[in-house]
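Observations on the model geometry
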2 protein chains.
Amino acid sequence: MKIPVVQKIMNANDQIAAENRARFDETNTLVINVMASPGAGKTSLIMATASHLPDLRIGVIEGDVASTIDADRIAEAGMPVVQINTGGGCHLDAPMVKSALDELPLDDIDVLIIENVGNLICPAGFDLGAHLAVVLGNIPEGDDKPYKYPGMFTDADAIILHKVDMLPHFDFDVEYFRAGVQKLHPDIPLFLVSSRTGEGIAEWGEWLLERRRELRTA
Amino acid sequence: MKIPVVQKIMNANDQIAAENRARFDETNTLVINVMASPGAGKTSLIMATASHLPDLRIGVIEGDVASTIDADRIAEAGMPVVQINTGGGCHLDAPMVKSALDELPLDDIDVLIIENVGNLICPAGFDLGAHLAVVLGNIPEGDDKPYKYPGMFTDADAIILHKVDMLPHFDFDVEYFRAGVQKLHPDIPLFLVSSRTGEGIAEWGEWLLERRRELRTA
């Protein structure tokens, strides 16, 4: 007797996320879902990355509850950008991202960075169709975040510890932070970065270029 | 003809929140729901407030996705404390608070501070039974938060701008922050506080005592 096997049925979000990803693969666009608390410096990191890699064509989707403050900064720097306002929603989802794609010249974008809503909990649960998830911790926020918010750090593909220029002013134990991350995810790349001073941007940029090369040869 | 009027039916959360509040009123316990981003310094503020007001009997409910890091600090300082781990949930709700109350000596607590999960969006939507909501912004997080996360600031009864000792190190415009808050909520008290240096703790403490006096004479 043949036992019937029911495949995992994708929910509506995952279905649209898969469609988004197929679209990104067609245009060879590497897509990164950047997640962090409010004020972690996500937009500053995007700006610093673009400055460091002027030949890489970066596009941006900005997720915020309200305002176009971040998108205005990105547009001023000359990058193609779409702002998504969730109007109270605590995370982006795949349909929101899909609706933004028609406004972006994907054929001319090497790396699309999706800056998620500032929130260290909810965004982790929603596949947007991105290839990679990058999570930012930051010095003023404290070294205990991987212990208190494990879900976000567990599912990341890389961690950036941001605002490291502020280390002299805060009681932050980098090794305690690192141990918290590695407990959840032993081999994850961890970059110590300051977008203000440029520290660590080269290493992070090299990792990003490498991931982009992998996508093109896949 | 008499037109039938249907009262607003309370949902399960609001029902239990009302029960919590009745219980707090019975014991003359002023209850504050403290909300902010991860790493805003909520626990440090509670510690500094307790040090400044040694005669006020403060109890604490600590909300976190995971860990007892904050509750350990509070317990070490000698305050009665209960830790609630949401296990992934992005905010506390009234039933969680209710379940913590049996573990607290409410008769001997003048002010109960509920430290919500670090999240500048979701906690605003859930009445816990607290009398007042206090929202923390902070200097490293940036001056644009009232514009980007209006829901949280709109419903607050007081705002604390925290970590003001860090003003020399960050590009933060206090008047822009203040204008953003006042646009949502014109007369709201705004306290500039550093729990590290003690700046502003006296003014915030005086406001807290005044609210407690109001409760007792209500």
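Calculation criteria
- Residues numbered from 1 in each chain as written.
- Chains lettered and ligands numbered in written order.
- Predicted model: local features only at pLDDT ≥ 70, side-chain atom pairs only at ≥ 80, totals over all residues.
- Heavy atoms only, no water.
- pLDDT = per-residue confidence, 0-100.
- Pairing = 2+ DSSP bridges.
- Helix = DSSP H or I, 4+ residues; strand = E, 2+ residues; numbered from the N terminus.
- Axes fitted to C-alpha atoms, helices over the stretch in contact; angles between N-to-C directions.
- Contact = heavy atoms within 4.5 Å.
- Buried area = accessible area lost by both parts, 1.4 Å probe.
- Salt bridge = Lys/Arg side-chain N within 4 Å of Asp/Glu carboxyl O.
- Polar contact = N/O pair within 3.5 Å; in protein donor to acceptor, adjacent residues only side chain to side chain.
- Least-squares fit on C-alpha atoms with pLDDT ≥ 70 in both.

With that out of the way, let us pick up the confidence of the model for chain A. Overall, the predicted model of chain A reaches an average pLDDT of 95, with 97% of residues at or above 70. Model confidence for the complex is summarised by a pTM of 0.94, with the ipTM given as 0.93.

Let's shift gears to the sheet that holds strand β6 (residues 158-162) of chain A. Strand pairs in the sheet, formed through backbone hydrogen bonds, run parallel or antiparallel to each other. Residues and elements named next belong to chain A. Taken in spatial order, the seven strands make up an open sheet running β3-β2-β4-β1-β5-β6-β7, and their pairing is parallel. The sheet terminates laterally at β3 (81-85) and β7 (190-192), the two strands that pair on one side only. Sheet twist, expressed as the average angle between the axes of neighbouring strands with direction ignored, equals 20 degrees. Contacts from helix α2 (residues 42-52) reach β1 (30-35), β2 (58-64), β4 (111-115), β5 (132-138) and β6, with the element oriented near 175 degrees to β2. Taken strand by strand, helix α4 (residues 94-101) contacts β2, β3 and β4, and its axis lies near 145 degrees from that of β3.

Between chain B and chain A, the residue contacts involve 33 residues of the former and 33 residues of the latter. When the buried area of chain B at its contact with chain A is split by residue, P38, I121 and K148 of chain B rank highest and sum to 24% of it. At the junction of chain B with chain A, the criterion picks out two salt bridges. A salt bridge links K148 of chain A to D70 of chain B; the nearest nitrogen and oxygen atoms lie 2.8 Å apart. Across the contact surface, chain B and chain A share 11 residue pairs in polar contact (both at pLDDT 80 or more). Of all the secondary-structure elements, those providing two or more residues to the side of chain B that touches chain A are α3 (69-76) and α5 (145-148) of chain B. The element contributing the most residues to the side of chain B that touches chain A is α5 of chain B, with three residues.

Let us now look at the relation of the copies chain B and chain A. Mapping chain B onto chain A leaves a residual RMSD of 0.1 Å; the transformation is a rotation of 180 degrees accompanied by 0.0 Å of translation along its axis. The symmetry that links the two subunits is that of a two-fold axis. Looking at chain B, 100% of its interface residues are interface residues in chain A too, so the copies touch through the same face.

If you check the backbone angles, N28 of chain A has positive phi at about 55 degrees while not being a glycine. Despite not being glycine, S67 of chain B shows a phi value in the positive range, around 85 degrees. Within the element layout of this structure, S67 of chain B appears in the loop between β2 (58-64) and α3.

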